[in-house]
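Structural overview
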Amino acid sequence: WKNNVMNVTLGNNGSPYLTMLYINKRRTEGNIFYNTLQQYLEQPSDFVFYNTKSPYTNLAYQMGYPKRRSEEYVQVLFTQNVNRRLNIGAHYKFSTSIGRYESQRADHASVRFFSSFDGDYYAYNFSASYSRSELKENGGILNDNYILYPDSFEYEKADDIPVQFMDQKNRHSAYQILYAHQLVLGTTDRFNPTDSTTDEVPIATAFHKIHLFRNHHEFKISDLTSYYDIYEQLFPTSEPINDYYTTADSVRYSHIDNIFQLKLNEEFNTLLRFGIRAFIGNTVRRYHWPATSTFDYDDNENLQTHYHTNSENRVSSYVGGQIFKNQGEHFRLNAGAQVYFQGYNVGDFTINGKLQGMFPIGKLSTELWAKASVEMRTPELFEEKYTSNHYQWNKNFDRSKIINYSGGIRISDLNLELTVFGGTQNKKIYFNEAGYPDQKSGVVQVLGAYLYKHFSVIGFNSINRVALQKTSDDEVEPLPLFAIYSSNFYERLLFNVLTFQIGFDWRYNSNYYAPKYIPAIMQFAAQTERKVGNYHYIDPFVNMQLKRARIYIKYEHINSLFGSKTNYFHTIHYPANPGFIKFGVSWNFYD
């Protein structure tokens, strides 16, 4: 996510975030509280499997200073093949960041065990993982003017600035098991005229994937009574809904996904030169969340609270198909559809397609591509109903219709990629300024372009990612008009063993109404209070690679140490970290 042109974060490493590049946005189905932590709590599409000729280990460590406000990151990855077909491995990650402002600490830890087998007729991928996160939520600084007009206040360092909360936390844990396997149903021999050999070609392949997921989210405030004087300024309700003394909103969510596929391989279909697949799937989801509490008094006139819980099961089934052509030098095709025929979202569908053409322009290898998708989507459960100590809603939204399209050109010899994209969202669901889910009655449109270009001249390199985006509704779909991420460095090989880079990263985006963050529901919501942006972030760095070891030293946001502009906010109430030095090392072992 760091390579995204633009992200909204809370400043501290490990905090909730939201990408502001439209084509990179993705949505987690089921538990919406999972959305802003996707970088730290992996999705099955993020899992990596290996096939190694020798045992492989990667050790990585990162440290951020000053020590009293430090951040640390540790990674251990090990994998090896038991034989040429069977691989096993484990991956552990831990990060902690205290934050430059009070009560901002973010801790994440995950461990994953994985295995894969690649046989002639049978193959599988297996993954079992556990992850947890604990975030101290300060609710932002008490007054943005501490940053905007620092000469008007007396404070020595960032952690002297008062914040909204000191005892607010979000906790999240998740278990996942993924098992995907396939079986070749039949083979045939195919003669290869180029070398007069015969290859064994699979006719069809059957697939099955099961994904079990369970997570628990909890939002806590230890002493709610200390905020009574300003309660209505902090939350949209006039008084707590479930508990007057503490907040302990607990949400549990689990699902089981099963999908079966049958694929006719394109290697076998020499006549039409494409493959087809058909699939059927089923999802079972279970939700638990707080219900409205009831109150009475005991014989001694002491207030008693009786807690209650809501629960709901949702089952849905779907079918689909796909036609594809993934082989060939000049033309590739992928088109498919998925339709829900049973369950709570019956009638939902997705249709998508992609075309690719590869051909030379002079001596340059060029790729042209275009893709589009149409989706009809039923609202998620927590978008329509939810109860907590500070937020409660019960909505009845219509389906949303989303059309996305894009096209572009990629010239690998020039390290150039240009993408033009757009989207139309009808009846889009979003969180409004009050922090409640809402639905746009009309259409929201987005048009944009994304450019990637790597310049390299005599050791000097400039890697640039530039985005132009125009949204028709700054409240429902806020996007910066212009954003750039540019990494510029000089690279040289020293003593024939040491690769050395010295340079700087530069980030900038134009002013826009960046969505605000609401800790109690872990969502980014609309705001029109103040625009943020029009600020440059500059990070000088030195990178070194010596054989199997990579080392870097970086000073993030060095320009905060000088200059008159101090509006370094990612969103309102959440300023970026002041200048911060980081050191890291990553070491690979192949034995």
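Overview of the structure. Position labels on residues start from 1 in each chain and follow its written sequence. Owing to the predicted nature of the model, reporting of local features is limited to residues with pLDDT of at least 70; listing and counting of side-chain atom pairs is limited to 80 or more, with chain, interface and lining totals taken over all residues. Water and hydrogen atoms were dropped before computing side-chain values, which therefore reflect all heavy atoms in the structure.

With respect to the pattern of salt bridges
Rules: What makes a salt bridge here is a side-chain nitrogen of Lys or Arg within 4 Å of a carboxyl oxygen of Asp or Glu, nothing more. Each helix is a run of DSSP H or I of at least 4 residues and each strand a run of E of at least 2, with the numbering of both proceeding from the N terminus. For every residue, the accessible area obtained with a 1.4 Å probe (protein chains only) is divided by the maximum for its type, and the residue is called buried under 20%, exposed over 50%, and partly exposed between those limits.
Enumeration according to the criterion identifies 23 salt bridges in this entry. In this structure, Arg285 and Glu380 form a salt bridge, with 3.4 Å as the shortest nitrogen-oxygen distance. Highlighted residues: Arg285 in strand β11 (residues 275–297) and Glu380 in the loop between β15 (364–377) and α3 (381–384), separated in sequence by 95 residues. Glu380 shares its class with Arg285; the two are buried.

Some details on the side chain of Lys554
How we decide: Here, two residues are considered to be in contact whenever any of their heavy atoms come within 4.5 Å of each other.
Its place among the elements puts Lys554 in strand β29 (residues 549–556). Residue classification places Lys554 among the buried residues on the basis of a relative accessible area of 18%. Not counting chain neighbours up to four residues away, the residues in contact with Lys554 comprise Asp505, Asp539, Pro540, Phe541, Phe580, Ile581 and Lys582.

With respect to the pairing of strand β23 (residues 460–471)
So the rule is basically this: Between any two strands, at least two bridges found by DSSP are needed for them to pair.
Judged by how many residues are buried, β23 sits mostly within the fold: nine of 12 residues are covered. Strand direction decides the pairing type here: strand β22 (residues 443–457) and β23, joined by 12 bridges, are antiparallel. Bridging across to β23, Gly448 finds its partner in Gln469. Adjacent in sequence and paired antiparallel, β22 and β23 are bridged by two residues, among which Ile458 carries a positive phi angle near 50°. In this sheet, strand β24 (residues 482–494) lies alongside β23 in antiparallel orientation, the contact comprising nine bridges. Bridge pairing links Asn464 to Ser486 in β24.

A word on the environment of Ser560
Tracing the backbone through its elements, the reader meets Ser560 in the loop between β29 and β30 (569–571). Judged by its relative accessible area of 23%, Ser560 falls in the partly exposed class. Leave out the neighbours within four places in its chain, and Ser560 touches Tyr535, Tyr568, Pro578 and Gly579.

Description of the nonpolar core
Defined as follows: Throughout, nonpolar core names a set of buried Ala, Val, Leu, Ile, Met, Phe, Trp, Tyr and Cys residues whose side chains join them through atoms within 4.5 Å.
Ranked by internal contacts, the top residues of the largest apolar core, which has 68 residues, are Phe235, Phe382, Tyr386, Tyr391 and Ile521. Look past the residues within four positions of Tyr391 in its chain and what remains in contact with it is Phe235, Pro236, Ile241, Tyr386, Ala434, Gly435, Tyr436, Ile518, Ala520 and Ile521.

Overview of unusual backbone geometry
Each neighbour pair has its own omega, and for Tyr65 with Pro66 the value is 15°, a cis peptide bond. Residue Lys547 is not a glycine yet carries a positive backbone phi of 55°. Counting through the fold element by element, Lys547 comes out in the loop between β28 (535–546) and β29. Here His573, not a glycine, exhibits a phi torsion of approximately 75°, which is positive. When you line up the elements, His573 lands in the loop between β30 and β31 (574–575).

Description of the pairing of β29
With six bridges joining them, β28 and β29 adopt antiparallel strand pairing. Note on β29: the bridge partner recorded for Asn543 is Tyr552. Connecting β28 to the antiparallel partner β29 that follows it, the hairpin turn spans two residues, and Lys547 within it adopts a positive phi of roughly 55°. Note: β29 against strand β32 (residues 580–589), eight bridges, orientation antiparallel. Each bridged residue has a counterpart across the sheet, and for Tyr552 the counterpart in β32 is Gly584.

Some thoughts on the side chain of Gln38
We count it as follows: Two N or O atoms form a polar contact when they lie within 3.5 Å of each other; inside protein one atom must be a possible hydrogen donor and the other a possible acceptor, and for residues adjacent in sequence the pair counts only when both atoms belong to side chains.
Mapped onto the secondary structure, Gln38 falls in the loop between β2 (17–19) and β3 (56–65). In this structure the side chain of Gln38 is engaged in a polar contact, spanning 3.1 Å, whose partner is the backbone oxygen of Asn35.

Describing the packing of aromatic side chains
The criterion, for reference: Two rings from Phe, Tyr or Trp (for Trp, the six-membered ring) form a pair when their centres sit within 6.5 Å of each other. Planes less than 30 degrees apart are called stacked, planes more than 60 degrees apart edge-to-face, and all others tilted. Note on criteria: charge over ring means Lys NZ or Arg CZ within 6 Å of the ring centre, with the direction from the centre no more than 35 degrees off the ring normal.
Under the counting rule described, the total for this entry stands at 37 aromatic pairs. An angle of 10° between the planes, with centres 6.0 Å apart, marks the rings of Trp587 and Phe589 as stacked. An aromatic cluster of three or more residues is present, and its members are Phe33, Tyr34, Phe213, Tyr253, Tyr287, Trp289, Phe382, Tyr386, Tyr391, Trp393, Phe431 and Tyr436. One Lys or Arg, Lys354, reaches over the ring of Trp369 and ends 5.6 Å from the middle of that ring. The ring of Tyr485 has Arg507 sitting right over it, with the charged end atom 4.2 Å from the ring centre.

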